[in-house]
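The residues making up each chain are set out below.
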Amino acid sequence: MKTLLTTLILAMLALPVYADQQTTVLQEQATVAKAQAVLPYIDGSNSTEMEKLANALIRTTATDLAKEVGGGNVTYKVMLNRPSLVSLLLEARNGNKLAYKGLNIDLTTGREFTVTDFFVDNEEVQAALGDYENVLFGEEGLYIHHKKYAAYDTCVPYSKVLKNMRIGEAGRIMQVAKLTAAANGKTLVMPKGGLLALKLDSNPSTGYGWSVNADAAVQKVGSSFTIPRAEEARVGTPGTEILFLAVQQPGTHQVKLEYKRAWERISLQSITFTVQVAE
């Protein structure tokens, strides 16, 4: 028994440990609908079944595009790459004929994801995106085309719709820096387009909560409150408040958080830190 246990432990220690990595996208030479194609091929994800669905979707889309232009060539570009999400722009060209189709693929389902999976469908988002036939997710924003097979000629920066993001899904698209009260007096250097998630002790039942004081470039896009599972039935139990902030403008920004009641001027605790956003 002891020998078996030792063997199991050694086997577990030998298993590779991977951090969150981008989706692996290979290139595949293929012929689709009489067109010569260089297609993306997704490999190495957590589910081979979802991979099959995703790769079948890519092949079907490439075939449709090739038929639309009557052959020619099909190529692609990776627009967004995350551990479980990838967005691809496929292009078919035959002489002067061009056709485009964007694919936003969720590797947890093997199917396409849409704007409403990540953003609240409200008037502000609708106004920012306007009328569209399809939206393609990119690194800098949302790319739009207005009719089938047309080019994606409009880009809406994430900053215009970020405060309408579904916070529970934000980490799948955006880079999220996780901070605690230990950030006080320190500086965070982050890329443009990222989010901050601040985890802070809080007890809303007392009337206290965290408020954000910063310049206009810093936007609060959401918050949540959790308590330990063992204490869920007890009224007034302290827990953790999570504030989600977006800093979209390049430059240096100071952020001050205060733990106080809304009707009082004096805070019980304050945290101040600096955010430097790269160009």
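This report concerns the structure included in the present document. (Residues numbered from 1 in each chain as written. Predicted model: local features only at pLDDT ≥ 70, side-chain atom pairs only at ≥ 80, totals over all residues. Heavy atoms only, no water.)

Once that is clear, we can look at the overall build of the protein. Within the protein, the regular secondary structure consists of five helices and 17 strands. Taking the principal axes of its C-alpha atoms as reference, the protein extends roughly 70 × 65 × 35 Å. Within the protein, buried positions represent 40% of all 279 residues. If you take every contact in the protein between residues at least 6 apart in sequence, the share linking residues at least 24 apart comes to 56%. Accessible surface, the protein as shown: approximately 15,900 Å² in total, 51% of it carbon and sulfur. Computed over 28 positive and 28 negative side-chain charges, the separation of the two mean positions in the protein equals 2 Å. (Helix = DSSP H or I, 4+ residues; strand = E, 2+ residues; numbered from the N terminus. Buried < 20%, exposed > 50% of the residue type's maximum accessible area, 1.4 Å probe, protein only. Contact = heavy atoms within 4.5 Å. Areas by Shrake-Rupley, 256 points an atom, 1.4 Å probe, with all protein chains shown as cover. Lys, Arg positive; Asp, Glu negative; His and termini not counted. Charge placed at Lys NZ, Arg CZ, Asp CG, Glu CD.)

Residue placement: A128 occurs in helix α4 (residues 123-129). For the pair formed by A128 and V161, sequence separation is 33 residues and the distance between their alpha carbons is 7.2 Å. Discounting chain neighbours no more than four positions away, the residues touching A128 are V156 and V161.

Further remarks concern the layout of surface pockets. A water-sized probe, rolled over the atoms, reveals where empty space remains. Approximately 250 Å³ is the volume attributed to the second largest pocket. Around the second largest pocket, the lining is made up of 16 residues, and of these E139, E140, Y158, K192 and G193 lie nearest the centre. Of the residues assigned to the lining of the second largest pocket, the class counts are six nonpolar, six polar and four charged. (1 Å grid on protein atoms, 1.4 Å probe; cavity = no way out; pocket = protein on both sides within 12 Å on 5 of 7 lines; lining within 4 Å. Points joined across faces, edges and corners; volume = space filled by probe spheres on them. Nonpolar A, V, L, I, M, F, W, Y, C, P; charged D, E, K, R; others polar.)

Here we come to the pattern of salt bridges. Evaluation of the coordinates by the stated rule reveals nine salt bridges. In this structure, E139 engages R82 in a salt bridge whose closest nitrogen and oxygen atoms are separated by 3.0 Å. Taken together, the residues span a long stretch of sequence, with E139 in the loop between β7 (134-137) and β8 (141-145) and R82 in the loop between β3 (72-81) and β4 (85-94) at a distance of 57 residues. Relative accessible area serves as the criterion here: at 38%, E139 is assigned to the partly exposed category. The partner of R261 in a salt bridge is E264, with the nearest N and O atoms 3.4 Å apart. One connected set of salt bridges, linked through shared partners, spans D106, E169 and R172. (Salt bridge = Lys/Arg side-chain N within 4 Å of Asp/Glu carboxyl O.)

So, about the side chain of N104. Mapped onto the elements, N104 comes out in strand β5 (residues 97-106). Judged by its relative accessible area of 2%, N104 falls in the buried class. One polar contact links the side chain of N104 to the main-chain carbonyl oxygen of V135, over a distance of 2.8 Å. Not counting residues within four places of it along the chain, the set of residues in contact with N104 comprises V86, S87, R111, E112, F113, V135, L136 and F137. (Polar contact = N/O pair within 3.5 Å; in protein donor to acceptor, adjacent residues only side chain to side chain.)

This paragraph deals with the sheet that holds strand β10 (residues 176-179). With respect to topology, four strands assemble into an open sheet ordered β10-β12-β15-β14, the strand pairing being mixed. Two strands bound the open sheet, and with one partner strand each, they are β10 and β14 (218-226). Geometrically, the sheet is characterised by an average inter-axis angle of 20 degrees between neighbouring strands, direction not taken into account. As paired elements, strand β12 (residues 195-202) and strand β15 (residues 239-247) share eight bridges and run antiparallel to each other. Each residue of the ladder has a partner; that of S202, found in β15, is G239. (Pairing = 2+ DSSP bridges. Axes fitted to C-alpha atoms, helices over the stretch in contact; angles between N-to-C directions.)

With that settled, consider the sheet that holds strand β9 (residues 154-157). What the three strands build is an open sheet, ordered β7-β8-β9; its pairing is antiparallel. Looking at strand neighbours, the two that pair on one side only are β7 and β9, the edges of this open sheet. Along the sheet, successive strands turn relative to each other by an average axial angle of 30 degrees, direction set aside. Pairing of β7 with β8, which is carried by four bridges, proceeds in the antiparallel orientation. Counterpart to L136 in the pairing with β8 is Y143.

What follows covers unusual backbone geometry. Its identity as a non-glycine residue notwithstanding, A33 has a phi of 45 degrees, on the positive side. Given a relative accessible area of 31%, A33 falls into the partly exposed group. For K34, which is not a glycine, the phi torsion comes out positive at approximately 70 degrees. Tracing the chain through its elements places K34 in the loop between β1 (24-32) and β2 (35-43). In this structure K34 comes out as exposed when scored by relative accessible area, which is 78%.

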